[in-house]
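Overview (structure and organization)
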Amino acid sequence: MHEKDTTLTLSRSSTTLSLPDADILAAMREISGYLDITPDDFREIYQLAHAHVFDRLFTNLSARALLKKDLSALSPELSLTAAAEQMAKQHAHTLPVVDDTARVIGTISESNFLRPYGADTFFAMVFELRTHDEQFLHYCERTQVAAVMTVPPPILQLEDDLLAVAKGFHERDEQRLAVVDANQCLLGVVLRRDFLQRFHLQEVL
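Residues numbered from 1 in each chain as written. Predicted model: local features only at pLDDT ≥ 70, side-chain atom pairs only at ≥ 80, totals over all residues. Heavy atoms only, no water.

The protein chain is annotated in an unreviewed UniProt entry as CBS domain-containing protein of Acidihalobacter yilgarnensis.

Now the structure itself:
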């Protein structure tokens with residue numbers, strides 16, 4: 001068989017794989033027995049198989065498939081002290097903020113607590129609090145969630161596809177994204193850890 005210098009480049013969404021003829025031929029040689037197939041035949045089969053795998057794993061995936069029916073949320077009138085207590089009890093790094101009709105109007109995460117003190121991390125805030133601890137406690141008591149929540153909130157629609165979910169986590173440093181209906185009412189959440197574990201993407205996002 002004649003080896004050509006062409007390469008096979010498969011690209012679907014952000015997945016790209018180059019497969020030179022030399023690699024195709026090497027793979028074919030490892031198959032025991034008689035194999036009546038050319039590199040072009042192998043390339044076509046591989047491309048079709050790749051397309052089928054991609055479609056099976058990703059095309060029909062939406063936020064619905066990753067949805068957790070977790071309606072935990074904060075009221076905008078809560079003090080930051082009460083919000084922190086609720087988040088700690090639920091082991092939640094992020095919670096949506098909803099109004100009295102269950103519409104998602106914002107989100108609260110650890111960064112919302114840190115921002116007023118110019119701190120990017122919890123440890124940076126601890127350093128600041130060495131001399132300002134009373135001031136911080138008073139601030140949390142008198143400040144409502146509505147004053148510091150992230151607006152507009154990062155949200156997903158129930159039928160948002162894989163790329164929309166990935167984009168939501170990529171653009172916002174959030175541990176959970178609220179999933180809403182057409183009226184922006186909370187249906188549940190998609191957790192970052194569930195998304196990463198589902199596709200073994202821990203090293204990507």
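The discussion continues.
**Topic: the confidence of the model for the protein chain**
Inclusion rule: As a per-residue quantity, pLDDT reports the predictor's confidence and falls between 0 and 100. Contacts: residue pairs with any heavy atoms within 4.5 Å of one another.
Residues with a pLDDT of 70 or more make up 74% of the protein chain, whose mean pLDDT is 80. Low confidence marks residues 1-16, where pLDDT is under 50. Its contacts with residues over four positions away, or in another chain, come to 37 contacts.

**A few points about unusual backbone geometry**
For clarity, the threshold we go by: Only DSSP runs of H or I with at least four residues qualify as helices, and only runs of E with at least two residues qualify as strands; both kinds are numbered from the N terminus onward.
Residues Val 151 and Pro 152 are joined by a peptide bond in cis, for which omega reads -5°. Phi is positive for His 91, close to 55°, though the residue is something other than glycine. In this fold, His 91 is placed in the loop between α4 (80-89) and β3 (94-98). Backbone geometry places Ala 102, a non-glycine residue, at a positive phi of 75°. Positionally, Ala 102 belongs in the loop between β3 and β4 (104-109).

**Quick look at the sheet that holds strand β6 (residues 176-180)**
In a beta sheet, neighbouring strands pair by backbone hydrogen bonds and run either parallel or antiparallel. Under the convention used in this document: Only when DSSP finds a minimum of two bridges between them are two strands counted as paired. Working convention: axes come from line fits to C-alpha atoms, limited for helices to the stretch in contact. Angles between N-to-C directions cover 0 to 180 degrees.
Sheet architecture is open: three strands sit in the order β5-β6-β7, paired in mixed fashion. The strands lining the two open edges of the sheet, one partner per strand, are β5 (155-157) and β7 (186-191). Between one strand axis and the next, the sheet turns by 35° as a mean value, whatever way the strands run. Sheet topology places β6 next to β7; five bridges connect them, and they run antiparallel. Bridge pairing in β7 links Val 180 to Leu 186. Relative to the sheet, helix α8 (residues 162-171) contacts β5, β6 and β7, its axis offset from that of β6 by approximately 135°.

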